[in-house]
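Residues per chain are reported as follows:
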Amino acid sequence: MTNVKAWAAGAAGQPLAPITIARREPGPRDVAIEIIFCGICHSDVHQARDEWSGALFPMVPGHEIVGRVTRVGRAVTGYAVGDLVGVGCMVDSCRACAPCNEHLEQFCEKGPAFTYNSTEMDRKTPTFGGYSTDVVVDERFVLRIPAGLDPAAAAPLLCAGITTYSPLRQFGCKPGDRVGVVGLGGLGHMAVKLAASMGASVTVLSTSAAKEADARRLGAADFVVTKGGDLDRLAHKLDLLIDTVSAPHDYGTYLGLLRPRGAMVLVGAPPGAASLEPFSLIMNGARLAGSLIGGIAETQEMLDHCGKHGIVSDIELIPVSRVNEAYDRMVKGDVRYRFVIDIASLRGGVA
Ligand code: NAP
Ligand code: ZN
Ligand code: ZN
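Notes on the structure in this doc start here. Residue positions within a chain follow its written sequence, with the count starting from 1. To label them, take the chains in the order written and letter them from A, then take the ligands in the order written and number them from 1. Only residues with pLDDT of at least 70 get local features here, since the model is predicted, and only at 80 or more are side-chain atom pairs given and counted; chain-wide, interface and lining totals rely on the full set of residues. Excluded from the side-chain calculation are hydrogens and water; included are all heavy atoms of the structure.

1. Quick word on the packing of helix 4 (residues 160–170) against helix 9 (residues 296–309)
- Axis definition: a line fitted to C-alpha atoms, over the contacting stretch in the case of helices. Angles run 0 to 180 degrees between N-to-C directions. Each helix is a run of DSSP H or I of at least 4 residues and each strand a run of E of at least 2, with the numbering of both proceeding from the N terminus. At a closest axis distance of 10 Å, the pairing of helix 4 and helix 9 adopts a crossing angle of 95 degrees. By the angle between their axes, helix 4 is roughly perpendicular relative to helix 9. Between helix 4 and helix 9, the contacting residues are Gly161, Ile162, Tyr165, Ser166 and Arg169 on the first element and Glu298, Thr299, Glu301, Met302 and His305 on the second.
- Residue classes follow a fixed rule: Ala, Val, Leu, Ile, Met, Phe, Trp, Tyr, Cys and Pro count as nonpolar, while Asp, Glu, Lys and Arg count as charged, and any other residue, Gly among them, counts as polar. For the contact of helix 4 with helix 9, a count of residues per class yields 3 nonpolar, 4 polar and 3 charged. Reported orientations rely on four angle classes, namely roughly parallel under 35 degrees, roughly antiparallel over 145, roughly perpendicular from 65 to 115, and oblique for the rest. Should any heavy atoms of two residues lie within 4.5 Å, those residues are counted as being in contact.

The following block contains the structure:
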């Protein structure tokens, strides 16, 4: 075991603070990674504040990890010392069940080992995320960062990127489709870039009128303010809606914007139950779906797509000492469009 520096929430809602955690010695299939950047996802906030319940503390959040390989186990074939790699939301799964065999490790029947707020597959050893200097991960859960992408701005692809890429692919996003993106935050701005790169005509639906110019710069063709704006002009116009909103809201408002048999996919995960009027689905045959990150193979496919199209996140790089402030700003919608922690600030002890 090696002790490494990290930042953790000690209990639900407590500010994050420095902690020392142990990382295992690399086994035969393991890759040891020196973390360089880690994005801040709204799921980090939900979990550090135990908004989804069942959270494990102390919690070292962070599942948008980019780093360099420092050591590899003797049986590792895919990576070498010095490679620029990524780690997303999962670090292991059972690798034997039907979903694992179908490259859907996120739906592993045993439950995947999530990168933090979870356990390894022994169901005992806690996992700790990327707000730390180093991590050790089985090579099957390590991703390759394409050359040419800025490593800091590529970090959010590991969650925000795959979480929006996957539903666009699942619902066959193609040139000419009209795609609506609800909420322009970390996930939302990646959904805009990715849908536009697939040839879709993108409409952003936002509570923030001030984000219109950004939305258009990111690739949106249209923008509508959801509160008090003219949603009616979009009635029955959209093929696909990706809902990325992090706070409770009314889904029925958006279902009427779909063309007959269009789909609305929930990726935003606000806590609590939602109510739905059945006729809001029935009257235009709307499909309401959910989507959870993506499998490892699809995550690599997304990274390669981003490498080909030069897609990265718009980021604000911060030292780890500003993580608590970043959480508060994120909850207020004040992030354009992803905070990324410069892990050098943690390594150097400047934090
Ligand atoms: P984020 O950067 O905070 O963006 C969320 C956006 O939602 C905000 O920028 C804001 O956009 C909108 N919003 C916030 N509060 C709102 C409210 N009260 N009413 C209406 N709109 C509101 O968060 P994120 O990192 O993109 O994550 C978004 C959600 O996805 C979180 O719930 C997160 O846990 C979840 N998530 C799910 C998965 C998955 O696999 N399904 C993966 C990652 C994250 P506007 O200012 O444009 O309105
Ligand atoms: Zn995330
Ligand atoms: Zn499995």
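There's plenty left to go through after this.
2. Focus: the nonpolar core
- Each nonpolar core is a collection of buried residues, namely Ala, Val, Leu, Ile, Met, Phe, Trp, Tyr and Cys, held together in the definition by side-chain atoms within 4.5 Å. Remark: exposure states derive from per-residue accessible area (1.4 Å probe, protein chains only) relative to the maximum for the residue type, with buried under 20%, exposed over 50%, and partly exposed in between. Counting residues in hydrophobic clusters, the biggest one holds 95 residues, and the most contacted among them are Ile40, Tyr131, Leu168 and Val179.
- For this core, the element with the highest residue contribution is helix 5 (residues 186–197), accounting for 6 residues.
- Each domain's limits were defined by an automated method or a database of domain assignments. Lining this core are residues from two domains, each supplying at least three of them: domain 1 (2–159 + 294–347) and domain 2 (163–290).
- Aside from chain neighbours lying at most four places away, what touches Leu168 is Cys173, Val179, Ala191, Leu194, Ala195, Met198, Leu240 and Ile242.
- Of all hydrophobic cores here, the second largest spans 15 residues; its members include Leu205, Leu241, Val245 and Leu258.

3. Overview of the coordination of the zinc ion (ligand 2)
- Metal coordination here is assigned from N, O and S atoms located within 2.8 Å of the ion, or within 3.2 Å for Na, K and Ca; omission of water means that sites may look incomplete. In the first shell of the zinc ion (ligand 2), the protein supplies Cys41 (SG), His63 (NE2) and Cys159 (SG), at 2.0 to 2.2 Å from the metal.
- Between consecutive donor residues of the zinc ion (ligand 2), the sequence gaps follow C-x21-H-x95-C. Here the residue Cys41 occupies a position in the loop between strand 3 (30–39) and helix 1 (42–48), and His63 occupies one in the loop between helix 1 and strand 4 (65–72), the gap between them amounting to 22 residues.
- Residue classification places Cys41 among the buried residues on the basis of a relative accessible area of 3%.
- Given the relative accessible area of 7%, His63 is considered buried.

4. Some remarks on the environment of Arg336
- Relative to the helices and strands, Arg336 is located in the loop between helix 10 (323–331) and strand 17 (338–342).
- Measuring from C-alpha to C-alpha, the distance between Arg336 and Asp214 comes to 8.9 Å, with 122 residues separating the pair along the chain.
- For Arg336, the contacting residues outside a window of four places in its chain are Ala210, Lys211, Asp214, Asp314 and Ile315.
- A distance of 3.3 Å separates a polar atom in the side chain of Arg336 from a polar atom in the side chain of Asp214. Under the rule applied, a polar contact is a pair of N or O atoms within 3.5 Å (in protein, one hydrogen donor and one hydrogen acceptor; residues adjacent in sequence only if both atoms are side-chain atoms).

5. Comments concerning the sheet that holds strand 13 (residues 238–243)
- Overall, parallel pairing links the 6 strands, which are arranged 12-11-10-13-14-15 in an open sheet. Every interior strand has two partners, whereas the edge strands, strand 12 (222–225) and strand 15 (287–290), have only one. Put simply, the sheet's adjacent strands are angled 20 degrees from each other on average, direction ignored.
- Direction of pairing for strand 13 relative to strand 14 (residues 258–266): parallel, over a ladder of 5 bridges. By the bridge assignment, Ile242 is partnered in strand 14 with Val265.
- Across the sheet, helix 4 is in contact with strand 10 (178–182), strand 13 and strand 14; its angle to strand 13 comes to roughly 155 degrees. Note: two strands are recorded as paired if DSSP finds a minimum of 2 bridges between them.

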